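Residues per chain, in single letters:
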Amino acid sequence: MSDSKSGSKSDLNESTLPLLDGAEKGGDTPEKEVQEMEMEEKATKEEGEKGDENKKEKKEKKCKESGPGCLLRYTDTLDLTNRDKGTINNSVLINYEDILAEPSSTQGVDGVWRLSYLLFSLSRLWIYRIISTLISLPLALVWGVVFSLLTVMYVWVVTPSVRVLSILLGTVKQVWSEVLGASLEPVCIAVGQIFNRRSQAPALSA
């Protein structure tokens, strides 16, 4: 009887162990699944953010590489209406009325006058635009090089040379002023007093 009881107890213990293991496993798996889901969501969010950043960088690169975008960006502050703010070309500011004019006593046909105005204005405008389109870019490059060389010469040659001369001549000026003050200044003062006395003598006699 004792053997049968001990056997039944051992059987019960063995039968309950898998249930406990299953319960423990069942209790652990939901937490693991939740953690795995959170990790997957974080990974997807990070991938999405990286994808958005890559898209933004690609767009910025395209904007930087595109020609018109760069042109508009560098010439954004350029005034296209008033292109002569310094009024340096007022001598060629010529209108139709400054060239051609009919006096009130002798006037031609109104239609001919209007057509001549249109021909003068349009020919001057479009011929200037065509020629300036052909030569403006090469001449802009040439004048840019010329004035850059002048700036380099002025900054790195002329200004330092003038500064050196001013320093050297400053000492010469001080020495020369001392020499003149010691030699010629007393003579000039004495001569001035002599002529001053002669000019005052007739006034006293009168």
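Not measured: the values here are computed from a predicted model.

J.: Would you explain the overall build of the chain in this entry?
T.: Regarding its fold elements, the chain presents four helices and zero strands. Mapped in sequence order, the helices and strands of the chain form the string α-α-α-α. Taking all 206 residues of the chain together, the buried fraction comes to 1%. Of the roughly 19,100 Å² of accessible surface on the chain, a fraction of 65% belongs to carbon and sulfur atoms.

J.: What should I look at first to understand the pattern of salt bridges in this one?
T.: Think of it this way: side chains of opposite charge can pair up when their charged atoms draw near. Per the counting criterion, the structure on display carries one salt bridge. In this structure, D79 engages K85 in a salt bridge whose closest nitrogen and oxygen atoms are separated by 4.0 Å. By relative accessible area, which is 29% here, D79 ends up partly exposed.

J.: Help me understand unusual backbone geometry, please; the structure alone is not making it clear to me.
T.: With glycine set apart, most residues show a phi of negative sign, and most peptide bonds adopt trans. The backbone of T87 sits at a positive phi, close to 50°, despite the residue not being glycine. Inspection of the secondary structure puts T87 in the loop between helix 2 (67-74) and helix 3 (96-99).

J.: Quick question: what am I supposed to make of the packing of aromatic side chains here?
T.: Working definition: an aromatic ring pair is given by the centre-to-centre distance plus the angle between the planes. For the coordinates displayed, the defined rule picks out four aromatic pairs. Between the aromatic rings of Y96 and Y117, the centroid separation amounts to 5.3 Å while the plane-to-plane angle is 85°, which identifies the pairing as edge-to-face. Placement of the pair is Y96 in helix 3 and Y117 in helix 4 (residues 110-205), with a sequence separation of 21 residues. Classification of Y96 by relative accessible area gives buried; the value is 4%. Among the aromatic residues, those joined into a ring-pair cluster are Y96, W113, Y117 and F120.

J.: Would you explain a negative patch on the surface in this entry?
T.: A surface patch of like charges, here negative, comprises E36, E38, E40 and E41. If you trace the backbone, E41 turns up in helix 1 (residues 2-65). On the basis of relative accessible area, E41 is assigned to the partly exposed category, the value being 44%.

J.: Before we go on, may I ask you to explain the confidence of the model for the chain in this structure?
T.: Close inspection of predicted coordinates is inappropriate in any region flagged by low pLDDT. Averaged over all residues, the pLDDT of the chain is 78; the fraction at 70 or higher stands at 70%. Of all helices and strands in the chain, the one with the weakest mean pLDDT is helix 1 (59), whereas helix 4 scores best (89). Long-range and interchain partners of residues 1-9, a stretch whose pLDDT sits below 50, account for zero contacts in this model, where long-range means more than four residues apart. Note that residues 11-28 has pLDDT below 50 and, in this model, zero contacts with residues that lie over four places away or in other chains.

J.: So what exactly am I meant to see when it comes to the environment of S123 here?
T.: Structurally, S123 can be placed in helix 4. Apart from the residues within four sequence positions on either side, S123 is in contact with L118 and Y128. At 2.5 Å, the side chain of S123 and the backbone oxygen of L119 are in polar contact.

Conventions adopted
Residues numbered from 1 in each chain as written. Predicted model: local features only at pLDDT ≥ 70, side-chain atom pairs only at ≥ 80, totals over all residues. Heavy atoms only, no water. Helix = DSSP H or I, 4+ residues; strand = E, 2+ residues; numbered from the N terminus. Buried < 20%, exposed > 50% of the residue type's maximum accessible area, 1.4 Å probe, protein only. Areas by Shrake-Rupley, 256 points an atom, 1.4 Å probe, with all protein chains shown as cover. Salt bridge = Lys/Arg side-chain N within 4 Å of Asp/Glu carboxyl O. Phe/Tyr/Trp six-rings, centres within 6.5 Å; stacked < 30°, edge-to-face > 60°. Patch = residues over 30% accessible without salt bridge, like charges linked within 9 Å, V, L, I, M, F, W, Y side chains within 5 Å. Lys, Arg positive; Asp, Glu negative; His and termini not counted. Charge placed at Lys NZ, Arg CZ, Asp CG, Glu CD. pLDDT = per-residue confidence, 0-100. Contact = heavy atoms within 4.5 Å. Polar contact = N/O pair within 3.5 Å; in protein donor to acceptor, adjacent residues only side chain to side chain.

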